[in-house]
Amino acid sequence: YLMTAPSGAGKTTLLRVAAGLEEADRGTVTGMPPHIGMVFQEDRLCEEYDAVCNILLGMKTSGGKGRKKQPADYVRAQASAILPEDCLTKPVKQLSGGMRRRVALLRAVLSGADVLILDEPFTGLDEENRVRSAQYLMENLQGRTLLMSTHREEDAQLLQATSVTF
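About the criteria used
Residues numbered from 1 in each chain as written. Predicted model: local features only at pLDDT ≥ 70, side-chain atom pairs only at ≥ 80, totals over all residues. Heavy atoms only, no water. Buried < 20%, exposed > 50% of the residue type's maximum accessible area, 1.4 Å probe, protein only. Helix = DSSP H or I, 4+ residues; strand = E, 2+ residues; numbered from the N terminus. Arc of directions from axis to C-beta. Contact = heavy atoms within 4.5 Å. Pairing = 2+ DSSP bridges. Axes fitted to C-alpha atoms, helices over the stretch in contact; angles between N-to-C directions.

Visitor: I'd love a proper account of helix H3 (residues 72-79), names of residues and values included.
Guide: Spacing of three or four residues puts side chains on the same side of an α-helix, whose turn is 3.6 residues. Listed as buried for H3 are Val75, Gln78 and Ala79. The arc enclosing the buried residues of H3, seen along the axis, measures out at 95°, which places them on a common side. Packed against the buried residues of H3 are helix H2 (51-57), helix H4 (97-109) and helix H5 (127-140).

Visitor: Tell me what's going on with unusual backbone geometry, and back it up with residues and numbers.
Guide: Unlike most non-glycine residues, Arg44 shows phi in positive territory, near 50°. Residue placement: Arg44 occurs in the loop between strand S2 (36-39) and H2. One non-glycine residue with positive phi stands out, namely Glu120, at about 50°. Inspection of the secondary structure assignment puts Glu120 in the loop between strand S3 (115-119) and H5.

Visitor: A description of the sheet that holds S3 should follow, citing residues and the corresponding values.
Guide: Pairing is parallel across the open sheet formed by 5 strands, whose spatial order is S2-S3-S4-S1-S5. Of all the strands in the sheet, the pair left with one neighbour each is S2 and strand S5 (163-165). Going from strand to strand, the sheet's axes swing by 15° on average, the running direction of each strand aside. One ladder, built from 4 bridges, connects S2 with S3; its direction is parallel. The residue bridging Ile36 from the neighbouring strand is Val115, located in S3.

Visitor: Account for the environment of Met3, naming residues and giving values.
Guide: With respect to the element layout, Met3 can be found in strand S1 (residues 2-4). Each C-alpha atom of the pair Met3 and Leu125 lies 19 Å from the other, and the pair is 122 residues apart in sequence. Setting aside residues up to four positions removed in sequence, Met3 forms contacts with Lys11, Leu14, Leu15, Met148, Ser149, Thr150, Val164 and Phe166.

Following this line, the structure appears as structure tokens:
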């Protein structure tokens, strides 16, 4: 589902409640699985680490019911679908805002999470990278639930999503 609403309407708060990061003033959210991949409005990356390492940090580790941690080569191959090859080994503090945004998106998508919660994930991307990132997301959802907020109605079309406006 894709939520659209003006700034201040509560999109981020609703996503944070769904993720279990905030308590609702009223009502409840139930049925959320324990492993959620999230893209926040700010990227929340480890500045000194490169893109590949930041993505690996968000992935489930081996053992238990989770997916096995993927090798760095797999992450590099996936990241090269939406990032220039030469930026994968640079510390993320040296990347542009749009590149950093795509690293955050990759970390969520490759996390192995059962649900992806994305808070304005395409902010700061030009149209070409917005389309490429949306295509990557669609190709890699693999049946998972997607909850996303945006200010752009066009994003619903890119993601073939049900749009909820409030």
